[in-house]
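# Topology and contacts: notes
Take a look at the letters that make up each chain.
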Amino acid sequence: MKAFDDPVLVALVEVLERAGTAFFVIHEVEGALGWRYISQPYARLIGFTIDELTATPVLSRIVDEQQAAMRELSVSFLGGGAMPAMLEVTIKHASGELFQVETTFARAASASGSVGVVMVHDKHAASPQLGLLEADRISLVGALAAGFAHEINNPLTSVLLNLRSLRKQLLAHHPEASQPQALRCVDDITTGAERIASNVRAFQTLATRGATTRIDLAAVVASALRLAAPTLEARAHVIRQIFPVTPVRGEESRIGQAVLAMLMFAISGFDDPSATFSPEGVMTNRVVVLVEDRATDVVVEVSDNGRALTAEELRRAFDPFFRSSVRGAGVGVGLGVARSVAATLGGEVALAMRAGGGAVITMRLPPES
């Protein structure tokens, strides 16, 4: 690629590079399009190195059916013709995946002729503003949930205290012959109330913002499973494979929210609202929750044997507020919560198709150093 001979163009490229913009610069060479410059963010976006891209035709990464139109528009634009303010183009990633980008064109003059600056934006990438909206929404839901848990906890404490008092009075004053039945009723009510109290405590832990601390990820996942149990167990058999793991460092409530989002995404993969059973009466819907140390990471993996992911779900599941007709329906923030939490802690979340149908969501977090 030739060096730029126009100081204005040099300045423009420097500004775009500092901003981390994915872009490239093209020119016309004997009726064909040639590269003048390729930015690192653009090469990274489509999965190639700059040297690899330089060795290929300019339009080779655009899907075949769009190449002729793009070639005609680009040559016309470099010659002084008009170009739409923004064009949507389908790109072939190095992995073979197709994804849509929005392209914006600018024309600049140089001593050797006109060049075209093409800025590329991944159409489905979360923008900073969407990230802020997601954070605000999560904070609002967390505040409401904490208040709701507090309102449940106050009367529940009174119920438990009175049940314990009632039990003492039954033992002291109730006829001995009828005590066992009466005590059994009181104990059943107490067990139910204590289970509610335990769930409220877990809910408060996951809903209330706290300080960054040393966290037992296995315990956080267990709390999230306890909260999600009514939804999960009505639709699938939940298999827990939770092993002792190396502690991680983070905010317990945020990690808990991430795990809940993963669980809800998995359970939404079952089309039937109720669990299905084999002729032998065995529940066939499965959600497997695995927590383990894997290589250098601490891993939470949620897999299901539900409906297969569509191409759009696989591509857009991490978009803030994305909802498909089934996967992620009702979750509202999709898996964007899990990804943003993991990224903040130096980790990552990946979504993949499960062999035989269903999905696998894997969150990797670095261990506490």
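Below is a short write-up of the structure. (Residues numbered from 1 in each chain as written. Predicted model: local features only at pLDDT ≥ 70, side-chain atom pairs only at ≥ 80, totals over all residues. Heavy atoms only, no water.)

Here we come to the sheet that holds strand E10 (residues 297-304). Strand order in this open sheet of five strands is E7-E9-E10-E12-E11, and the pairing throughout is mixed. Each having just a single partner strand, strand E7 (237-242) and strand E11 (348-353) make up the two edges of the open sheet. With direction set aside, neighbouring strand axes in the sheet form an average angle of 15 degrees. Where strand E9 (residues 286-294) lies against E10, eight bridges are found, and the strand directions are antiparallel. (Pairing = 2+ DSSP bridges. Helix = DSSP H or I, 4+ residues; strand = E, 2+ residues; numbered from the N terminus. Axes fitted to C-alpha atoms, helices over the stretch in contact; angles between N-to-C directions.)

On to the side chain of Thr 362, then. Mapped onto the fold, Thr 362 is located in strand E12 (residues 359-365). Of the polar contacts made by the side chain of Thr 362, one reaches the side chain of Glu 301; its length is 2.9 Å. The residues contacting Thr 362, other than those within four sequence positions of it, are Arg 294, Val 299, Val 300, Glu 301, Glu 348, Val 349 and Ala 350. (Polar contact = N/O pair within 3.5 Å; in protein donor to acceptor, adjacent residues only side chain to side chain. Contact = heavy atoms within 4.5 Å.)

So, about the side chain of Ser 74. Tracing the sequence through the fold places Ser 74 in helix H4 (residues 64-78). Here Met 70 takes part through its backbone oxygen, which lies 2.7 Å from a polar atom of the side chain of Ser 74. Look past the residues within four positions of Ser 74 in its chain and what remains in contact with it is Ile 26, Leu 33, Met 83 and Phe 105.

Let us look at the nonpolar core. By size, the foremost hydrophobic cluster in this structure holds 43 residues, and its most contacted members are Ile 255, Met 262, Leu 263, Val 287, Leu 335, Leu 351 and Met 363. Elements supplying a minimum of two residues to this core: helix H7 (217-233), helix H8 (252-267), E9, E10, helix H10 (336-344), E11 and E12. Considering each element in turn, this core owes the most residues, nine residues, to H8. Beyond its immediate chain neighbours, meaning those up to four positions away, Val 287 contacts Ala 236, His 237, Val 238, Ile 239, Ala 266, Ile 267, Phe 270, Val 302, Ser 303 and Asp 304. (Core = buried A, V, L, I, M, F, W, Y, C linked by side-chain atoms within 4.5 Å. Buried < 20%, exposed > 50% of the residue type's maximum accessible area, 1.4 Å probe, protein only.)

By the criterion of burial, E12 is predominantly enclosed, with six of the seven residues buried. Here E11 pairs with E12 via six bridges, running antiparallel. Residue Met 353 lies in a different strand from E12, and its bridge partner there is Ala 359. Between the antiparallel neighbours E11 and E12 lie five residues, among them Gly 356 with a positive phi of about 95 degrees.

The next point concerns the packing of H8 against H10. The interhelical angle for the contact between H8 and H10, taken along N-to-C directions, is 145 degrees, at an axis separation of 8 Å. Crossing hand, H8 versus H10: left-handed. Two secondary-structure elements touch here, H8 through Arg 254, Ile 255, Gln 257, Ala 258, Ala 261 and Met 262 and H10 through Val 337, Ala 338, Ser 340 and Val 341. Considered class by class, the residues forming the contact of H8 with H10 number seven nonpolar, two polar and one charged. (Left-handed = near helix turned anticlockwise from the far one by under 90°. Nonpolar A, V, L, I, M, F, W, Y, C, P; charged D, E, K, R; others polar.)

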